[in-house]
Amino acid sequence: MTILFMFFLLSLSFSASCFELSRDFSSKHSYLLKTNNLTEQKKNIYGDNNFRSRLLSQYQKWRGTRYHFGGNSFRGIDCSALMQHLFRDTKNLSLPRTTREQILRGRDVMRHALQVGDLVFFRSGPEGRHVGVFIGNHEFIHASSSKGVIISTLKNKYWHSRFMTARRVTA
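Residues numbered from 1 in each chain as written. Predicted model: local features only at pLDDT ≥ 70, side-chain atom pairs only at ≥ 80, totals over all residues. Heavy atoms only, no water.

J.: Lay out the packing of aromatic side chains with the relevant residues and their values.
T.: Applying the stated rule across the entire model yields 7 aromatic pairs. Ring geometry for F51 against F87: centres 6.1 Å apart, planes inclined by 70°, an arrangement best described as edge-to-face. Remark: F87 occurs in helix α4 (residues 79-91) and F51 occurs in helix α3 (residues 51-62); sequence separation between them is 36 residues. The exposure class of F51 is buried, given its relative accessible area of 1%. Its relative accessible area of 0% is what places F87 among the buried residues. Centre to centre, the rings of F122 and F163 are 6.0 Å apart; their planes meet at 80°, and the pair counts as edge-to-face. One end of the pair, F122, is in strand β4 (residues 119-123); the other, F163, is in strand β8 (residues 163-168), and 41 residues separate them in sequence. Judged by its relative accessible area of 0%, F122 is buried. (Phe/Tyr/Trp six-rings, centres within 6.5 Å; stacked < 30°, edge-to-face > 60°. Helix = DSSP H or I, 4+ residues; strand = E, 2+ residues; numbered from the N terminus. Buried < 20%, exposed > 50% of the residue type's maximum accessible area, 1.4 Å probe, protein only.)

Pasting the structure below:
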């Protein structure tokens, strides 16, 4: 009887250990599934958990800077120049100067699959384009023509109706 009881306790202990191993494996496995492609993770800016923090830190520096078409400084900046500064200062990544060129960088991303650091593009008129950087929770940083550098939400009717595409920029 005691041998049977000891075997029972040993099997309970073993099951608990296997459960812990299984739980650890499944959480690591789901993380790997989320990254999809390990090579892409190494090449792009999205494998970095601190990217959002660094974007928000840079945002604090630029916050409220007035919009100025063609501007590229704290005296006035446009949306594409802001993206250049944010990507250069957070990831040492060079972006083209204009939205027309930036929209061609990286790969297309569906709205439901946005990740921190994705460029989000909007129609701002018949020929115009506007760009911001997604920071999670449906929010993006951009240089608004009326409010300067701010954070806006994709849930806003204005931005939601003008959304064109998103791009995941790789190094």
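J.: Could you give me a rundown of the environment of D118, with the residues and numbers involved?
T.: In this structure, D118 sits in the loop between β3 (107-109) and β4. Taking the C-alpha atoms as reference points, D118 and F140, separated by 22 residues in sequence, lie 9.2 Å from one another. From its side chain, D118 meets the backbone nitrogen of Q115 in a polar contact 2.7 Å long. Here R168 takes part through its side chain, which lies 2.9 Å from a polar atom of the side chain of D118. (Polar contact = N/O pair within 3.5 Å; in protein donor to acceptor, adjacent residues only side chain to side chain.)

J.: Tell me about α3, and please be specific about residues and values.
T.: With 12 residues, α3 extends 16 Å between its outermost C-alpha atoms, agreeing within 8% with the 16 Å of an ideal straight helix rising 1.5 Å per residue. Every buried residue belonging to α3 is among F51, L55, Q58, Y59 and W62, and all of these are buried. All buried residues of α3 fall inside an arc of 110° around its axis, so they share one side. Close packing links the buried residues of α3 with β1 (72-73), β2 (76-77), α4, β5 (129-136), β6 (139-144) and β7 (148-153). (Expected span 1.5 Å × (residues − 1). Arc of directions from axis to C-beta. Contact = heavy atoms within 4.5 Å.)

J.: Account for the pairing of β6, naming residues and giving values.
T.: Of all 6 residues in β6, 5 are buried; the element is thus mostly enclosed. Pairing geometry for β5 and β6, over 4 bridges, is antiparallel. Across the sheet, V133 pairs through a bridge with I141, a residue of β6. As defined by bridge partners, β6 adjoins β7 across 6 bridges and the pair is classed as antiparallel. (Pairing = 2+ DSSP bridges.)

Function cannot be inferred from these measures alone, as they are strictly geometric.
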